[in-house]
Amino acid sequence: MSGIQAARRIRIVSPDSRIIFLSQHDSVQIAKDALSVGAQGYVVKSDAGRELLTAIQAVHEGGQFVSRTLVERGWS
């Protein structure tokens, strides 16, 4: 099962859960797909050392987070 499939199932079982993807994939489209199924954050593994705690805090406070790598690749 992919992470996106897992996120869909999590939303069904626990709709109030907050989901942050931690992924090796640095594709803008994959990240958008992840957020479209209900995730609130997407952290690229290569950015995790400097961004994971920030992502957790942002999502905990009700926001969204996307890795800087994706922003640099054209995230909008």
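Residues numbered from 1 in each chain as written. Predicted model: local features only at pLDDT ≥ 70, side-chain atom pairs only at ≥ 80, totals over all residues. Heavy atoms only, no water.

Novice: So what exactly am I meant to see when it comes to the nonpolar core here?
Specialist: Formed by 14 residues in total, the largest nonpolar core has its most connected members in Phe21, Ala34, Leu35, Tyr42 and Leu70. When contributions to this core are tallied by element, the ones reaching two or more residues are helix H1 (3-13), helix H2 (28-36) and strand S2 (41-44). It is H2 that provides the largest number of residues to this core, a total of four residues. When residues no more than four places from it in sequence are discounted, the contact partners of Leu70 are Asp26, Ser27, Val28, Ala31, Tyr42, Val44 and Trp75. (Core = buried A, V, L, I, M, F, W, Y, C linked by side-chain atoms within 4.5 Å. Buried < 20%, exposed > 50% of the residue type's maximum accessible area, 1.4 Å probe, protein only. Helix = DSSP H or I, 4+ residues; strand = E, 2+ residues; numbered from the N terminus. Contact = heavy atoms within 4.5 Å.)

Novice: What am I meant to see in H2 here?
Specialist: Spacing of three or four residues puts side chains on the same side of an α-helix, whose turn is 3.6 residues. Three or more residues of H2 are buried, namely Val28, Ala31, Ala34 and Leu35. In a view along the axis of H2, the buried residues occupy a sector of 120°, so they form one face of it. Between the side-chain oxygen at the start of H2 and the backbone nitrogen of Gln29 there is a gap of 3.3 Å, and the oxygen is on Ser27. One or two steps after H2, the chain reaches Gly38, where phi turns positive at roughly 115°. (Arc of directions from axis to C-beta. Polar contact = N/O pair within 3.5 Å; in protein donor to acceptor, adjacent residues only side chain to side chain.)

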